[in-house]
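Secondary and tertiary structure notes
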Amino acid sequence: MRFSGWLLLLYALPTHRNSLRVTVWRKLRRAGAVALKTSASLLPDAPEHHELFQWLAKQIHDGGGEATLVRAKAIENLSRAQLTQLFNGARAADYAALVRDLTDFLRRRKTKPDGPGGPELERLRGRFADIQRVDFFGCPRADDARRLLARAAAPARAARRPLPRLTPSRYRSQTWLTRPQPQVDRVGSAWLIQRFIDPQAKFVFAPRATDHPGAVPYDMAEAELTHQGDDCTFETLLKRFALRERSLTRLAEMVHDADLHDDKFHAPGAEGIDRLLEGLARLGWSDERILQHGIICFDALYAQVKAS
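Presented here is an overview of the structure given in this document. (Residues numbered from 1 in each chain as written. Predicted model: local features only at pLDDT ≥ 70, side-chain atom pairs only at ≥ 80, totals over all residues. Heavy atoms only, no water.)

**Some details on the overall build of the protein chain**
Of the regular secondary structure elements, the protein chain holds 10 helices and seven strands. The buried share of the protein chain, reckoned over its 308 residues, is 48%. Once local pairs closer than 6 in sequence are excluded, the contacts in the protein chain between residues at least 24 apart make up 73%. Of the accessible surface of the protein chain, which amounts to about 16,100 Å², a share of 53% is contributed by carbon and sulfur atoms. Treating the 48 positive side-chain charges of the protein chain as one cloud and the 37 negative ones as another, the clouds have centres 1 Å apart. (Helix = DSSP H or I, 4+ residues; strand = E, 2+ residues; numbered from the N terminus. Buried < 20%, exposed > 50% of the residue type's maximum accessible area, 1.4 Å probe, protein only. Contact = heavy atoms within 4.5 Å. Areas by Shrake-Rupley, 256 points an atom, 1.4 Å probe, with all protein chains shown as cover. Lys, Arg positive; Asp, Glu negative; His and termini not counted. Charge placed at Lys NZ, Arg CZ, Asp CG, Glu CD.)

Written out as structure tokens, the structure reads:
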């Protein structure tokens, strides 16, 4: 989705009008606005957002506050990539909360596999739809939630076919494709591919596998090398390529906990590596640069795990 510019709502609310403050906050949050400093809210320039800010400005004025609506093509000291990351960061937090609840739903359903998803699953679907509505720039975390929703909608007792082992020698000098804005599972998997499967691997980024038909897709919807069952992509790669080194298993536990936020392994270091990769994403770097530096981080983590 492309937008021609930005809308800023600058406002000051009376200190004694707590109900107005809550009302404004809820409407801004529902619209997907992000905050710039304390009393400035930002949305992409679109007719429905302009109308919302006009109504909010009137409501603030009527409540004894002050409000100014600004339309801008650019915001000084903040690039378009940085502004986009503000929105994607907010949506990533929304998707992460949904992923945690979906993971909990799937875990509870294991104990009652014949139990219906019912109203709870519908509520989770509704939350996903609400986040999608304000996901203006295609936050990569959406795929994680989408994948878990698909699992939640599948029959609880569906049998899982054992997947065949793969031979690394058949995957030499390949181009590997994953989604843009790589985070912990995609970066960790790229490190695993380059260090243990395909030393000459090249990496490209696109939202869909069909954008690079000759590449090997991973951590993407409908890819063979992606989440399987409870496993993240890093774990899937370990199993499919029969990589059994203990240090890699420990790394896989960290990546799993960092990516799925289910604390399955209680892995020390999971939160740290997750925050580090999220920090790289917030720097406004290209996907290639994030991957390059993320692979170095995994080199260091692997060295530390091997030594401990």
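**Overview of the packing of helix H7 (residues 233–240) against helix H8 (residues 246–260)**
It is the contact of H7 with H8, at a shortest axis distance of 8 Å, that shows an interaxial angle of 150°. Viewed along their axes, H7 and H8 adopt a mutual orientation that is roughly antiparallel. Contacts from Phe234, Glu235 and Leu238 in H7 reach Leu248, Thr249, Leu251, Ala252, Val255 and His256 in H8. (Axes fitted to C-alpha atoms, helices over the stretch in contact; angles between N-to-C directions. Parallel < 35°, antiparallel > 145°, perpendicular 65-115°, else oblique.)

**Structural notes on the sheet that holds strand S5 (residues 175–178)**
Spatially, S6-S5-S7 is the arrangement adopted by the three strands of the open sheet, whose pairing is parallel. Looking at which strands have only one partner, the edges of the open sheet turn out to be strand S6 (202–205) and strand S7 (216–217). (Pairing = 2+ DSSP bridges.)

**Describing the packing of helix H6 (residues 184–197) against helix H10 (residues 287–307)**
As a packed pair, H6 and H10 sit with axes 9 Å apart at the nearest point and diverge in direction by 70°. The angle between H6 and H10 falls in the class roughly perpendicular. Two secondary-structure elements touch here, H6 through Val184, Arg186, Val187, Gly188, Ala190, Trp191, Gln194, Arg195 and Phe196 and H10 through Leu291, Gly294, Ile295, Phe298, Asp299 and Tyr302. For the contact of H6 with H10, the residue count by class is nine nonpolar, three polar and three charged. (Nonpolar A, V, L, I, M, F, W, Y, C, P; charged D, E, K, R; others polar.)

**Section: the packing of aromatic side chains**
Going through the model one piece at a time under the given rule, you end up with 15 aromatic pairs. Consider the rings of Phe3 and Phe136, whose centres lie 6.1 Å apart with planes at 85°: the pair is edge-to-face. Taken as a pair, Phe3 in the segment before strand S1 (6–12) and Phe136 in the loop between helix H4 (118–133) and helix H5 (141–153) lie far apart in primary sequence, 133 residues in all. Take Phe3: its relative accessible area is 11%, and that puts it in the buried class. Since its relative accessible area comes to 7%, Phe136 is described here as buried. Centroid distance Phe87 to Phe136: 5.9 Å. Interplanar angle 80°. Geometry classified as edge-to-face. (Phe/Tyr/Trp six-rings, centres within 6.5 Å; stacked < 30°, edge-to-face > 60°.)

**Looking at the nonpolar core**
Soluble globular proteins tend to pack their nonpolar side chains together in the buried interior. Counting residues in each nonpolar core, the largest one holds 40 residues, and the members touching the most others are Trp176, Trp191, Phe234, Leu251 and Phe298. Where this core is concerned, the elements lending two or more residues are H6, S6, H7, H8, helix H9 (270–281) and H10. Setting aside anything within four residues of it in sequence, one finds Leu251 in contact with Trp191, Phe234, Leu301, Tyr302 and Val305. One finds Trp6, Leu42, Ala57 and Phe136 within the second-largest nonpolar core, a separate group that totals 29 residues. (Core = buried A, V, L, I, M, F, W, Y, C linked by side-chain atoms within 4.5 Å.)

**Side note on the layout of surface pockets**
Roughly 590 Å³ of internal volume is contained in the second largest pocket. Taken together, 24 residues make up the lining of the second largest pocket; nearest its centre are Asn88, Phe137, Gly138, Pro180 and Gln181. Where the lining of the second largest pocket is concerned, the elements lending two or more residues are helix H3 (80–111), H5 and H10. Partitioned by chemical class, the residues of the lining of the second largest pocket number 10 nonpolar, eight polar and six charged. (1 Å grid on protein atoms, 1.4 Å probe; cavity = no way out; pocket = protein on both sides within 12 Å on 5 of 7 lines; lining within 4 Å. Points joined across faces, edges and corners; volume = space filled by probe spheres on them.)

**Structural notes on unusual backbone geometry**
One non-glycine residue with positive phi stands out, namely Asn77, at about 75°. Mapped onto the elements of the fold, Asn77 is located in the loop between strand S4 (66–72) and H3. Positioned with a positive phi, Gln181 is a non-glycine residue whose angle comes to about 55°. With respect to the element layout, Gln181 can be found in the loop between S5 and H6. With relative accessibility at 23%, the residue Gln181 sits in the partly exposed group.

**Concerning H4**
For H4, built from 16 residues, the straight-helix expectation of 22 Å at 1.5 Å per residue is met to within 8% by its first-to-last C-alpha distance of 23 Å. Taken as a whole, H4 has its buried residues at Leu121, Leu124, Phe128 and Ile131. Seen end-on, H4 carries its buried residues on one side only, within an arc spanning 80°. Turned more than 90 degrees away from the buried face of H4 sit Pro119 and Arg123, all of them exposed. (Expected span 1.5 Å × (residues − 1). Arc of directions from axis to C-beta.)

**Here we look at the sheet that holds S1**
Spatially, four strands are ordered S2-S3-S1-S4 in an open sheet, and the strand pairing comes out antiparallel. Edge positions in the sheet fall to strand S2 (34–35) and S4, since each has one partner strand and no second. Sheet analysis places S1 next to strand S3 (residues 40–44), joined by five bridges and oriented antiparallel. Looking across to S3, one finds that Leu7 is bridged to Leu43. The strands touched by helix H2 (residues 47–62) within the sheet are S1, S3 and S4, with S1 carrying the most contacts at an inclination of about 10°.

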